[in-house]
Amino acid sequence: MKAAVLEKITNLRDNPQPLSFVELPDPVPGERQILVRVSACGVCHTELDEIEGRTPPVSFPFVPGHQIVGFVEKQGPNAVKHAEGLRVGIGWIGSACGKCRYCLGGRENLCPDFKATGRDLPGGYAQYVIVDQEFAFPIPPVFSDAQAAPLLCAGAIGWRSLHLAGLRDGEPLGLTGFGASAHLVLTLARHLYPRSEIFVFARSEHERKFAIELGASWSGDTTEKSPQKLAAVIDTTPAWKPVIEAPHHQRHPQGRKGPRSDPPDGLPAASLAGKRD
Ligand SMILES: [Zn+2]
Ligand SMILES: [Zn+2]
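Going along each chain's sequence as written, the residues are numbered from 1 onward. Whichever chain is written first becomes A and whichever ligand is written first becomes 1, with later ones labelled in order. Per-residue local features are limited, in this predicted model, to residues with pLDDT of at least 70; the limit for side-chain atom pairs, both in listing and counting, is 80 or more; totals at the level of whole chains, interfaces and linings are taken over all residues.

1. Comments concerning the sheet that holds strand 11 (residues 198-201)
Read from one edge of the open sheet, four strands run 12-11-10-13, paired in parallel fashion. Of all the strands in the sheet, just strand 12 (218-220) and strand 13 (232-235) have a single pairing partner and so form its edges. When strand polarity is set aside, the average angle formed by the axes of neighbouring strands in this sheet is 15°. Two strands pair under a simple rule: DSSP has to find at least two bridges between them. In this description a helix means any DSSP run of H or I spanning at least four residues, a strand means any run of E spanning at least two, and both kinds are numbered starting from the N terminus. Bridge count between strand 11 and strand 12: three bridges; the pairing is parallel. Looking at strand 12, one finds that phenylalanine 201 is bridged to glycine 220. Each residue gets a C-beta atom placed from its backbone, and two residues are in contact if those atoms lie within 7 Å. Structural elements are reduced to axes, namely lines fitted to C-alpha atoms, with helices fitted over the stretch in contact, and the angle between N-to-C directions of any two is expressed from 0 to 180 degrees. Sheet strands touched by helix 6 (residues 205-213): strand 11 and strand 12. Its angle to strand 12, the strand with the most contacts, is close to 175°.

2. As for the sheet that holds strand 8 (residues 128-132)
One open sheet accounts for five strands, arranged 8-3-4-5-9; its pairing is antiparallel. A strand with exactly one partner marks an edge of an open sheet, and here the two such strands are strand 8 and strand 9 (137-138). With four bridges joining them, strand 4 (residues 68-75) and strand 5 (residues 87-90) adopt antiparallel strand pairing. In the sheet register, phenylalanine 71 faces strand 5, and the bridge partner there is arginine 87.

3. Some words on the environment of tryptophan 159
In this fold, tryptophan 159 is placed in helix 4 (residues 154-165). For the pair tryptophan 159 and alanine 189, spaced 30 residues apart in sequence, the C-alpha to C-alpha distance is 9.1 Å.

4. Considering the nonpolar core
Ranked by size, the top nonpolar core spans 65 residues in total, and within it Val36, Ile68, Ile90, Val129, Leu175 and Val200 carry the most contacts. The leading source of residues in this core is helix 5 (residues 180-192), at six residues. Per the annotation, domain bounds derive from an automatic or database assignment of domains. Residues lining this core come from more than one domain, with at least three contributed by each of domain 1 (2-151) and domain 2 (154-261). The contacts of isoleucine 68, once residues within four sequence positions are left out, are Val36, Val38, Cys41, Gly89, Ile90, Gly124, Val129, Ala149 and Leu152. One nonpolar core equals one set of buried Ala, Val, Leu, Ile, Met, Phe, Trp, Tyr and Cys residues connected by C-beta atoms within 7 Å. Buried residues are those with 20 or more other C-beta atoms within 10 Å of their own C-beta, exposed residues have 12 or fewer, and partly exposed residues lie in between; C-beta atoms are placed from the backbone.

5. Points about the confidence of the model for the protein chain
Per-residue confidence for the protein chain gives a mean pLDDT of 88, with 86% of residues at or over 70. Each residue carries a pLDDT value, the predictor's own confidence for that position, ranging from 0 to 100. Ignoring residues within four places in sequence, the model shows residues 258-277, a span with pLDDT below 50, making 49 contacts including any to other chains.

Rendered as structure tokens:
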């Protein structure tokens, strides 16, 4: 199969094209795994962290990509959960033990045997990928392949953050940063909480304009003060400052903080804005 691989950790300033296109053997699905023919794979900021070594892949050359949509090509032994030909999505959690207290509690991201797609396991920048059948999810027909792919990371993080925010319809919501995740949160929030006004803090003029186009009531720079107190503020930036400043915008003193990126292993559940409810 054709694949885009990273050969070694590199600095993107010196090496702006870090991936090479190579031919690799077609993967063979093992016990309870499926082989998926990839039709779309999203690009995530976490891949920059993989390439530059802040969350390094386990071996080289490795195939990145953890927002994968494709079709089940072949079932491995005892993999009966998804029929051949079914369209599925694969996200950051590629495998976990399935037996520990975290797995049994639906928090597989904390499993000691947690493996990340496109970091610990080969990812979706390839024609084919294999995955544990428990971590492939049928994709509803309403989405195209390309529309569904970003929902598997940026969308999942955004959805979980919005869920944790516990907003009630009509309460004003703040979004700090307006990238891959937040613009999906805005769309989700507009649908779930049609009476809530949304206030977006973003550094770039382009992002501020985009926020208004998608239905934000107000957008301003991250240094600006909110024109009104907000019921919740969701921070999707990789910076620390907006988290510190968020309480100044908030109506209620309580808060819940979480990183914007894919959840690293070992963090307490309360600090995750990540993948699972
Ligand atoms: Zn991601
Ligand atoms: Zn486990």
